[in-house]
Amino acid sequence: GGGGGGGGGLSPCPSASRLTAPGGEQPLGQLSSFHRVSAELGACSPVSPRRRSFRGAAAGASRRKEKKSGFWLSSESIVVENQDLVRNSGVYKIVLQFLKLPFNNDLPREQTRRSLFFGCYELLRLFCAENPRNQAALFESEGMALFTKHIPLDVGADTCVEAIFSSNYGLAAKVGEGVIDAFMQLVARGATPTKITHSVEFLKNLVVVNKVPLTRNQTMVMNSLVEQQTDLLHWLHIINSQTNPETLDIVTSIVDLMALCCVGLNSSTEAPAQGLLPLSAVLSVLNETEYPLMFRYQMPYITFLREVWFVREETSAEESSGDSYYWLMNEDWWLLVDRFRDVLADFNENGGDDDSPLGSAEEYVRYVFEGVLMCLTNYYSTNWNYDMAIKMRGRQVALSGDLLEEAVKLLRHEWLRDLATSGHFELLERFLAQMRSSLSHGFGHTEDPFWIQASIESCRGLAAKLKNEATSEPPTPESLFSFTMVTLNLLQKESTKRFFNSSVDDLHVLTEVLGGYLNRDEAGRNVMKNLISHLKTGNLSQQVKVGILRLFTQMICENSEDPDDEHTQRRVVEMQNRLDSLGISPLMTMLVEGSDDVVAYEAVNFGIALLHGGNPVVQGTLLGYFQSADENFFSSMVQKMQRSLNALKQWKREKAFLEENTIMDLEMEIYRQTMEGNKDCCHIRQLLRLLQLFCEGHHRELQNYIRQQTDNLHSFNLVSEVVVFLKEIVPTDMDEDLMRVAIQTFNTLTEFCQGPCPLNQSALVACNVCNEANMVLEQAFASCDPALVFQLRSSSVLTLLSLLEGCNDRYRTQLMVRTINFDAIRRTLDEVWATVRPSVENEVELTVAHEETLDVAFSLFMLMHILHTLTQEESVKRNLDQCTGRSYFYSILGVIEIARDHTVEKVYFRKPTICNNLTEEARQVILRTVDRSSPASKLSDFYEKASETIFEMEYQNTMKQWLASYLPSPPADGCLLYRRLVQPALAYLRKYALETLPKAGPKPWEDAALVAAIVTNALAVAGYVHPDLQPGATVGILMSTATFTANLVLLLLTLGICAAVYLFQLPVLLYKHRNGRKPGQSKDSALHDIWAVLGRLRDLPRDVRIGYLYNVLMVVFAFLGMAWSPLLCSVHLLIVVEKSVLLRNVIQAITTNGRSLVLTALLGVIIIYLFSIAGFAFFAHDFVGADGSRLCSTLWQCFIFTLTNGIRSGGGLPDLLPLPKFGNPQFAYRALYDSGFYVIVVVILLNIVFGIILDTFAELRDEKHRVDEDTKKRCFICGIDSYTFDRYAKGGFAAHTRESHNMWQYLYFMHHLRRKQESEFTGQESYVHAKMQRLDMSFFPLNKSLDLMCCSTHQEKDATIEMLALDAPVQPTTQEEPPVSAQRELSDGLTKRVNDVEATVHKIEGMLAKVVQHIEGQSAAQQKHALGRRPSQLGVWPVAS
C-alpha cells in the first residue's frame, strides 16, 4: 500500500475473507485474522469500527444478495463486469505488491504467508480467467518474473500462469523460455501426479493454441524436453501392464505433448521426438495383447506414431521409395495393422453401441475413427507403395484389402450418419478415398467391388448430410467429383449385384448430392463441369460415360414425380436450364453422333430428358450449335435410321423364312429370340422421340432445319426419312414392339407439322403419308393389345389433323381426299362411338378412358368435317351423313377464326361438356355490361368477363358434383308401384336438382316464396281482425292454422333462398369482384379465398353485401310474421321486383341517379326552409287552420307545415293560406311570396326530380337500344357491319355470327385451353394460349373474316370467267336453248381456262422480277408498252428477254 502511517494506505479489505484455500472453498480467515496478517506485513492497519448508516446497511444487503446470486468473483461464476471493475480500480496491482513479500517455504511460521499467497494467486487467476485484457495486463506487468519464481513453491502460481495464457494466441506466441523451463522442471523433478499432469496440459496448450500450432513454442518445449530427458526417461520406460493409472496418465500426457510438438510439419522437432521415444517402443506398447492398454492410453501413442513418423514434408522419389521399403519390411508395423483390422472387425460386429473392456462406447468410437483410421490414412498417403508391395508378394496387399472391407462395413451402420457433424464420417470418407488411390493403378480401373460399395455408401452419407441442417462444412468439389466418378465407374458391373438390387437407386443418391449442391453453390457446378469435360475428352471407359449420362438423366427425372404439378414442371425446367448453361446440350449431340452405340443410346435418353416438355432454351441452344458448328449430327441420324431400317428389313425376311420353312421347335425358339433382338425397336423409338422433342412446342426454326440444313454442305431431309421408315413398318404384320415404334413415328411426324409448318405439311402430303394412316385404320390387329391399337389409330388421326392445321391450300386437301379411305374412317368412328354412346346418352360422367375414347372419335369426325368444308367432296359428305353420332359430334364441334401472321385461320376444337352450364342470363350479362367504346376494348373486356363466366361454369359443375354426392340415385329394385311411380319421380327430382339448382340459383326458391307470400297475405286479408277496433273478436282455428302453416312454409323458403344465394351466387360474385381480373388464377385458389371471406360481411362488395342483407332480412321478417303478426309477411311481396325485368328497370331508374335525386331533394328542403322563415317573419298571422288554430306559432311549426302541406297541395301554399284583400298593404307581398313558392318549389324543383327520373329511363332505353343495335348490326368479333355480310357472304350476317364468329365459341375455346395440357396443344392453340397469357387480344380477327375473303376470291374468278366469255367468238344464235350437258362442258372449260390463267400469272410474277432489272434503262413508253401486253403474250416470253 501507499503511505506509511497507521491509518493511511490500504484499508481493510472485506474481500479477503472470501478468498479460498487451495484445497477447498472455505474462507481463509475472519476479518480480524486478515487484519493481523496485514499488520505483520505492514500493508494495512486495523480500522476502528463505526456505526453503519441506513444507506450502508442497504448497500450491504444488496451485496449479500449479489453474493448469493453469484455476482462476485468466485470459482463458480466469473463476471466480466467485476473483472473490469477490479482492473479499473487497480486492485490487482496491490495484490502484486503482496506477492513481492519474501517467502521461505521451509520455515513453519510462513504458513500464514503461504495462505496469503494462495489467496492472491486465486484472486489473480479469477481476475484474468477468459479475459484477454486482464491477461495482457498481468503479462505486461512486472509480476511475470514473480510468477515464474513462485511456480516451484506450490503456492498457486502455476494455475495463475495457466490462466494468463489460456486460449490467448497472442500471449502464447510471446511466452518466455523461463516459463516453459519452470513447468518442465515440475514434470521432471517428480512433483505430485496431479501437478505433473496439469503442467503437461499447460505445455500442450502452449504448443497448439486454438488448434493452431506455434512452431516457436513447439521448438522451445522440445528443446526443454531434450534437456530434461535424463529425468524424463524413467517416465517413458516404466510403462507396462501393471503400471498404476496415475503413472499412465503422466506417461501418456508426455507422449501426447511430444506428438503435438510435431504437428504442422515441424521438421526441427521430429528427430528429437524420435530419439526420445523410438518406433520400437511405440509399436511394442500398441501391439501389447496380453495386457493391452485402455483406449484412452493408446490414443497418445497412435497420435505420436501418426504425427512423428507418418506426417512429413515431401521428399524425393528415392527417399520415398526407401521409406516405403522400410515400412513394408517392418513386421511390428504390420502386426499392428493386423491388430487394427481386428479392432475394426470387432467394432463392426458389436455395432459400436456397446462398451468395450478397454473403454466406454464413446472412447471406442473415438479410438476407431480418430485413432485407427487417421493413422492408417496417413500411412497409406505417405509410405505406401502399391507396386513394391505387389513385388514382395507378402501379406501387405491382402491385409490392406481386409482393412478396406472392414472400413466399408462401417458405412452400413445407420448411426454413423448421426455422427457426421462430429467429423467421424469425414474421417471415414478420407480413408476410403485414400485407399482408392493407393490400391488402384489408375483412375477408374479398379475391379474390386468394395470400391463401388465404399463410394456409393459415402455418397449416401453425403446425401444424408445435405438433409441435415447441422452440417458444418460442405464437402469440397474434389471430394464430390472423386466419389461421383468412382461410383459411376463400375456401377453396371456384375460384381456390384451382391450389394445392390438396381443402379437407379444409387444414381438417385448421387443425384441428391450433386443436385443439392448444383442448386446451392459453385461446388456442384464445378463437379458438373468436370464431368462434362471428361465426357468431351473421350478418355473414359464406356461404363463411366454411361453412368455419367444416367446421372444427368436422373438429376432431371427426379424432379418430375408429378408431371401435372406446376411446381414440379418449374423445377424440371430449372434443372434443364442449369445443365444447358453448363454446355451439356452440344455435348449430347456429339455423343449421339458418336460411334459407340451404347453411349449414343444413353445420350439419346439423356437428350429426351433434357428436352422434356419442349424446353425452348435448350432448343435454341441446339439450333445455334447446329447452325454454327455441327454438320455431322443429321448425317449420323440418317445413318442410324438406315441401319434400323435395314435391321427391320432383315427381320421381315427372317420372319418370312420361318413361316415358309419347318424347323425344330428348339431351333425355332432360339432363332426367333435372335430374330427378335435384331429388330432394334427400342433404339429407333427413342431416336424418333428425340426428333419429336426437337420440335416440341412448335419450334418453327427447328422444324424447318430438320427438313433442310441450308448452312451445311450436305443437307439431309429427316422428314422424308421418317416417312420412309414408317412405310416400312405399317405394311408389316406388326407385333407390339413394332406397334410402339409406329405410334412414336406418327407422333414425331405430328410434331413436325404442328405449328403449323406449311413446308413440312406439304412434304408429308407429297410423301403420301395418308396411305399409311389408311392402312392403320383398315387393319384389324387382332393379335395385339387393344390399348396399343387404340393408341396407334389415335396417333395416325392426329397426324392427319396436323396436316390440315391452318391449311388454306386446296391442292393439298384434294390430294388428301383422293388418298384417304373415308369408309374406313367412318367404320372406325362408329366402332369407337359405340363404346361411349351409352354413357353420353345417359349423361353419366365420363371416366378418363371414356374421355380419351371420345377424343379419338371426335378427331375422326373433325377430320372428315374439315376436309368436307375445304373440298365439298360428295364422298366425304356421304360418310359424314352416315355417321351414327353425327348430331352429337356437331353439338360439341367448336369452330373459331384467329388472326395470325396477317392471315386468318380456322380453329376446330371439341367444346367442353361443362360449357352446357352457360345460362342465358350469363350471356345477357356479358352482352349488357361489356365495354363497347371501341372494338379493341370490347374484345379485351369480353376476355376478362369470359374468365369470370368460365369460373361460374366451373363452380356450377363443382356444386353439381357436390349435390350428386348427397343425392344418390334411387335404387331400381322394389315393388311394382315403386318401380312405376316412385322411382321415376325420385329420378326426375334428382335430375332436376342436379341440372337446375346450380344454374338457377335462388330463382326456384324465390318463385315458391312469392307464391307463399301471396297466400299468406291473402289469408291475412281474409281473416285478420284488429284487436283494438274489435275487442274480443277471434280468428277461427282453421284460418289460424292455415296462416301459421303458410308462414312456416314462407320461413323455410326464405331460408332456402339464403342457402341458394350463399352456395350458388355469392362465390361467383366474389370471384368477379376480387379475382375476376386475374385470368391466370386457378379455380381452387379462388374458391379458397371466397370461402375465407364469406364469414366477414365487411369484406364483401357493396352490392353483394346489400343483397346478402336483404335476404337475411327476409328470413327475419318471415320469422317475425310467424311469431308475432302475419302482416309482416307483406314485405315478401317485394320479391316480385326480382322476378320482373320491367320492375327492376324502374328501381334502376331511381337508383342509378340516386345521388342527383338526393342532392336535388336537399336543395328543395333548403328552399322550403327559406320560405318558411319568410312566412314566419312576415306572414305568420296568415297561417291559420280551418278551425282557427295558429299554424306558424314557432319556426319549427312553420317549417313542418310548409314542408308537408306546401308540396302536397296542387298550387302550393296559396291554396292553404287565406289571401288578403286587394287593398291590403300585404297583398303585393303575399302575391309575390305565393307566386315564388309555386314557381320555384312546385313547378321547378318537382319537375327537376321528375326530369331526372325520366332522363334515367331514357338513358337506360338508349343504352339498351345501342347494345341491341350493336349486337344485331355488327359482328362482335370482327366488328364488320351486317350489311357487308348480307351482301357478300354466303348465308349473310346471321350465318356468320352463328358459325364463323360465334362469340360464345370463343368463350368455349378459352375454357378448352384451360382444361387441356400445354404439352398437348396444337400450334394454333399454343399461339392463342401464349397471347392470352400476355393479355394480348391480337389473335381476334378484328376487321377480318374468312367468309369475306372466300367471297372476294370467288367474285374475282366470276369476273374473269365473264371477261373470257366476252372475248370468245360470237356464235350464231338459234331459237333452241343449248343442252344442259353443253352448258356444263362450257362451264368446265371456262373454269379450266381460269386455272390456266392463274398458273400463267404466277409464272409472270417470277419473270417480271427478272425483267425489271433489264428494262430500267429503257424509256417510259417502252416500259408501258412492255407491261401493257396481254397475259397470253407474256406467257411465251423467253427468260433472256
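Residues numbered from 1 in each chain as written. Predicted model: local features only at pLDDT ≥ 70, side-chain atom pairs only at ≥ 80, totals over all residues. Heavy atoms only, no water.

### What to know about the overall build of the chain
Of the regular secondary structure elements, the chain holds 67 helices and four strands. When the 1441 residues of the chain are sorted by exposure, 45% land in the buried category. Long-range pairs, those at least 24 residues apart, make up 72% of the contacts in the chain with a sequence separation of at least 6. As displayed, the chain has an accessible area near 73100 Å², and 55% of this comes from carbon and sulfur atoms. (Helix = DSSP H or I, 4+ residues; strand = E, 2+ residues; numbered from the N terminus. Buried < 20%, exposed > 50% of the residue type's maximum accessible area, 1.4 Å probe, protein only. Contact = heavy atoms within 4.5 Å. Areas by Shrake-Rupley, 256 points an atom, 1.4 Å probe, with all protein chains shown as cover.)

### Remarks on the environment of Asp-735
By secondary structure assignment, the location of Asp-735 is in the loop between helix 38 (718-729) and helix 39 (736-753). When its relative accessible area of 22% is taken as the criterion, Asp-735 is described as partly exposed. With 48 residues separating them in the primary sequence, Asp-735 and Ser-783 have C-alpha atoms 7.8 Å apart.

### Overview of the pattern of salt bridges
The full count for this structure, using the stated rule, is 34 salt bridges. A salt bridge links Asp-881 to Arg-886; its shortest N-O distance comes to 3.3 Å. For Asp-881, a relative accessible area of 39% corresponds to the partly exposed category. Among the ionic pairs, Arg-1230 bridges to Asp-1234, the shortest N-O distance being 3.0 Å. Here Arg-1230 and its partner Asp-1234 are both found in helix 59 (residues 1227-1273), four residues apart, which amounts to about one turn of the helix. Within the structure, one salt-bridge network assembled from shared partners comprises Asp-338, Arg-341, Asp-342 and Asp-402. (Salt bridge = Lys/Arg side-chain N within 4 Å of Asp/Glu carboxyl O.)

### A closer look at the packing of aromatic side chains
Each aromatic ring pair is described using two quantities: the centre-to-centre distance and the angle formed by the ring planes. Scanning the model with the defined rule gives 49 aromatic pairs in all. Taking 5.7 Å as the distance between ring centres and 50° as the angle between the ring planes, the aromatic pair formed by Phe-552 and Phe-606 counts as tilted. Of this pair, Phe-552 sits in helix 29 (residues 542-557) while Phe-606 sits in helix 32 (residues 597-610); the two residues are 54 residues apart in sequence, bridging distant segments of the chain. Classification of Phe-552 by relative accessible area gives buried; the value is 0%. Between the aromatic rings of Phe-1179 and Tyr-1233, the centroid separation amounts to 5.2 Å while the plane-to-plane angle is 45°, which identifies the pairing as tilted. With Phe-1179 in the loop between helix 57 (1154-1178) and helix 58 (1195-1208) and Tyr-1233 in helix 59, this pair connects stretches of sequence that are 54 residues apart. Accessibility assignment for this pair places Phe-1179 and Tyr-1233 in one class, buried. (Phe/Tyr/Trp six-rings, centres within 6.5 Å; stacked < 30°, edge-to-face > 60°.)

### Comments concerning the side chain of Asp-1234
Asp-1234 sits in the buried class, given a relative accessible area of 7%. The contact partners of Asp-1234, leaving out residues within four places of it in the chain, are Pro-1214 and Leu-1219.

### A few points about helix 44 (residues 822-841)
Its maximal kink placed at Thr-835, helix 44 deviates by approximately 45°, while the proline Pro-838 follows within four residues. Along helix 44, the positions that sit buried rather than exposed are Phe-822, Ala-824, Ile-825, Arg-826, Thr-828, Leu-829, Asp-830, Val-832, Trp-833, Val-836, Ser-839 and Val-840. In this structure, the buried side of helix 44 is in contact with helix 41 (769-778), helix 42 (786-803), helix 43 (810-819), helix 45 (848-871), helix 46 (874-881) and helix 47 (886-892). Immediately beyond the C-terminal end of helix 44, within one or two residues, lies Glu-843, with a positive phi of roughly 55°. (Bend = angle between axes of the 7 residues up to and from the residue.)

### Quick notes on a nonpolar patch on the surface
Taken together, the side chains of Leu-1159, Leu-1162, Ile-1166, Tyr-1169, Leu-1170, Ile-1173, Phe-1176 and Leu-1195 present a nonpolar region at the surface, about 670 Å² in accessible area. Ranked by the residues each element gives to the nonpolar patch, the list is headed by helix 57, at seven residues. (Patch = residues over 30% accessible without salt bridge, like charges linked within 9 Å, V, L, I, M, F, W, Y side chains within 5 Å.)

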